[in-house]
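What follows is each chain in one-letter form.
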Amino acid sequence: MMFFNAIGIAILALAIRISHNVNAFQSPGPSNRPGSLSRDTKSILLYPSKIIPKIYSDIPPLHVANSVDGEPAVPDAMIRQIDQKIQTYEKKQQKYLDKLNQAKAELEKFQQTKQRYLEGGQLGGENAAAPFSETTIRSVVKAMMWRVIAGSVTFFTSLRFSGSLATALSIVGSDFFSKAATMFIGERLMNKSQAGRKSGADDVGRSLAKALLWRLFAICNTLTMSFLIAKNLSMASKIAGSDAVFKTGLMFVYERVWAKVEWGKEYIIEFSI
């Protein structure tokens with residue numbers, strides 16, 4: 001109800017204002033202007049609360065968010081997120097710069113070593129051994145290849161003494177991956193020692209030691225698995241015993257062949273003159 005009253009008052013004030021302007025245009029003199037109307041109009045325009053009720057005049061005005069120089073304002077959260085991104089990539093940049101500087105230093109060192117060697121220097125001394133280390137992939141390949149060879153021998157040995165194809169397959173399959181993993185671990189442990197490595201290869205003594213150490217473990221493993229599967233200690237002993245004799249010599253030959261293979265070797269370069 002108050003809203004419609006306010007509209008009516010506003011329309012009345014507008015009509016009075018128009019009438020006042022028309023009269024002023026027709027009769028510039030103050031004598032033709034109704035005094036009461038003039039005073040009412042001024043009082044209405046001077047006091048807008050008479051037009052707009054108090055209930056609406058108390059409402060705060062609307063504000064439009066602007067920024068300086070007409071550019072849109074950027075929230076603080078967005079600024080913080082951008083700063084975090086900048087810091088992250090600055091750290092990455094520094095990390096890769098450090099790696100690049102390290103690679104440049106290594107490259108320069110090996111280039112100098114090569115140049116001195118070409119000028120008549122010796123790597124590691126004139127008669128010294130060339131130490132090396134085997135890569136992980138070389139150890140994996142050696143372990144898996146030996147497991148295939150040794151597993152084939154165990155299969156035929158088990159088939160001969162048990163007379164059962166199922167028993168032979170069970171004995172071979174039961175320790176295929178376990179022995180492969182064990183040999184890989186043994187290769188990595190032996191790789192930490194430079195004993196028996198001369199002229200960039202394993203010598204005969206190192207190959208024989210590795211063959212004997214591995215056979216000591218493998219014979220216990222084969223004996224245990226054969227007995228658990230065949231349920232016959234005599235048969236298990238024959239399988240493990242025949243493996244012990246034949247596979248020891250076979251692994252020695254296997255190690256001598258790998259000693260001549262250059263693939264997977266990383267030489268430790270020590271420069272001296």
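The model shown is predicted, which means the values in this text are computed figures rather than measured ones.

The rules behind these values
Residues numbered from 1 in each chain as written. Predicted model: local features only at pLDDT ≥ 70, side-chain atom pairs only at ≥ 80, totals over all residues. Heavy atoms only, no water. Salt bridge = Lys/Arg side-chain N within 4 Å of Asp/Glu carboxyl O. Helix = DSSP H or I, 4+ residues; strand = E, 2+ residues; numbered from the N terminus. Phe/Tyr/Trp six-rings, centres within 6.5 Å; stacked < 30°, edge-to-face > 60°. Buried < 20%, exposed > 50% of the residue type's maximum accessible area, 1.4 Å probe, protein only. Lys NZ or Arg CZ within 6 Å of the ring centre and 35° of its normal. Core = buried A, V, L, I, M, F, W, Y, C linked by side-chain atoms within 4.5 Å. Contact = heavy atoms within 4.5 Å. Patch = residues over 30% accessible without salt bridge, like charges linked within 9 Å, V, L, I, M, F, W, Y side chains within 5 Å. Areas by Shrake-Rupley, 256 points an atom, 1.4 Å probe, with all protein chains shown as cover. Axes fitted to C-alpha atoms, helices over the stretch in contact; angles between N-to-C directions. Parallel < 35°, antiparallel > 145°, perpendicular 65-115°, else oblique. Left-handed = near helix turned anticlockwise from the far one by under 90°. Nonpolar A, V, L, I, M, F, W, Y, C, P; charged D, E, K, R; others polar. Expected span 1.5 Å × (residues − 1). pLDDT = per-residue confidence, 0-100. Arc of directions from axis to C-beta.

**Student:** Would you mind going over the pattern of salt bridges with me for this structure?
**Tutor:** Between side chains of opposite charge, a pair can form when the charged atoms approach closely. For the structure on display, the rule yields ten salt bridges. Residue Glu134 pairs with Arg138 through a salt bridge whose shortest N-O separation is 3.3 Å. For the salt bridge of Lys210 with Glu255, the shortest nitrogen-to-oxygen distance reads 3.2 Å. Of this pair, Lys210 sits in helix 8 (residues 204-230) while Glu255 is found in helix 9 (residues 233-259), placing the two residues 45 residues apart along the sequence.

**Student:** Where do I start with the packing of aromatic side chains in this structure?
**Tutor:** By convention here, two paired aromatic rings are described through the distance between centres and the angle between planes. By the definition in use, this model includes six aromatic pairs. On the basis of an interplanar angle of 70° and a centroid distance of 5.3 Å, the ring pair of Phe155 and Phe156 is categorised as edge-to-face. Take Phe156: its relative accessible area is 55%, and that puts it in the exposed class. Between the aromatic rings of Phe176 and Phe177, the centroid separation amounts to 5.1 Å while the plane-to-plane angle is 80°, which identifies the pairing as edge-to-face. Among the aromatic side chains, those forming a connected cluster through ring pairs are Trp146, Tyr254 and Trp258. Between the NZ or CZ atom of Arg197 and the centre of the ring of Phe132, over which it lies, the distance is 4.3 Å. The ring centre of Phe132 lies 4.8 Å from the NZ or CZ of Lys265, which sits over that ring.

**Student:** Can you help me understand the nonpolar core in this one?
**Tutor:** For soluble globular proteins, the rule of thumb is that nonpolar side chains tend to be buried together. Formed by Ala143, Trp146, Ala150, Met183, Ala211, Trp214, Ala218, Met251, Tyr254 and Trp258, the largest nonpolar core amounts to ten residues. For this core, the elements supplying multiple residues, two or more each, are helix 5 (136-162), helix 8 and helix 9. Sequence-distant contacts of Trp258, defined by excluding residues within four places in its chain, comprise Arg138, Val141, Lys142, Met145 and Trp263.

**Student:** What's the story with the environment of Ser226 in this structure? I'm lost.
**Tutor:** Within the secondary structure layout, Ser226 lies in helix 8. On the basis of relative accessibility, which here comes to 0%, the residue Ser226 falls in the buried class. Sequence-wise, Ser226 and Ile171 are 55 residues apart; in three dimensions their C-alpha atoms are separated by 5.9 Å. Here Ser226 is in contact with Ile171, Lys231, Ala236 and Ile239, once residues within four sequence places are set aside.

**Student:** For this particular structure, what's the right way to read a nonpolar patch on the surface?
**Tutor:** Residues Ile137, Val140, Met144, Phe177 and Trp263 make up a contiguous nonpolar surface patch of about 500 Å² in total accessible area. Summarising the element assignment, Met144 is placed in helix 5. By relative accessible area, Met144 is classed as partly exposed at 35%.

**Student:** What's the story with the packing of helix 6 (residues 165-174) against helix 8 in this structure? I'm lost.
**Tutor:** Angle between the axes and distance between the axes are the two parameters that describe a pair of packed helices. Packing of helix 6 against helix 8 brings their axes to within 10 Å, and their N-to-C directions diverge by 140°. In terms of axis orientation, helix 6 runs oblique to helix 8. With respect to the hand of their crossing, helix 6 and helix 8 are arranged in right-handed fashion. For the pair helix 6 and helix 8, contact is made by Thr167, Ser170, Ile171 and Ser174 and by Met225, Ser226, Ile229 and Ala230, respectively. Tallied by class, residues from the contact of helix 6 with helix 8 come to four nonpolar, four polar and no charged.

**Student:** What's the story with helix 8 in this structure? I'm lost.
**Tutor:** In an α-helix there are 3.6 residues to a turn, and that puts residues three or four apart on one side. Taking 1.5 Å as the rise per residue, helix 8 with 27 residues should run 39 Å; its terminal C-alpha atoms sit 37 Å apart, in good agreement. Of the residues making up helix 8, those classed as buried are Arg206, Ser207, Lys210, Ala211, Trp214, Arg215, Ala218, Asn221, Thr222 and Ser226. Its buried side turned inward, helix 8 meets helix 5, helix 6, helix 7 (176-190), strand 3 (197-198), strand 4 (201-202) and helix 9. Immediately beyond the C-terminal end of helix 8, within one or two residues, lies Lys231, with a positive phi of roughly 60°.

**Student:** What am I meant to see in the confidence of the model for the chain here?
**Tutor:** Atomic detail in the predicted coordinates should be set aside for any region of low pLDDT. Mean pLDDT over the chain works out to 76, with 68% of the residues at or above the 70 mark. Across the chain, the element-wise mean pLDDT spans from 47 in helix 2 (residues 35-46) up to 91 in helix 5. Between residues 25-52, whose pLDDT stays under 50, and residues either more than four places distant or in other chains, the model counts 17 contacts. Considering only residues more than four positions removed or in separate chains, one finds that residues 124-128, a stretch of pLDDT under 50, has three contacts.

**Student:** Would you mind going over helix 7 with me for this structure?
**Tutor:** For helix 7, which comprises 15 residues, the first-to-last C-alpha distance of 21 Å matches the rise-based estimate of 21 Å (1.5 Å per residue) to within 8%. All of the buried residues in helix 7 are Lys179, Ala180, Met183 and Glu187. Buried residues along helix 7 cover an arc of 100° about the axis, so they all sit on one side. What points out from helix 7, more than 90 degrees from its buried face, is the exposed set Phe177 and Leu189.

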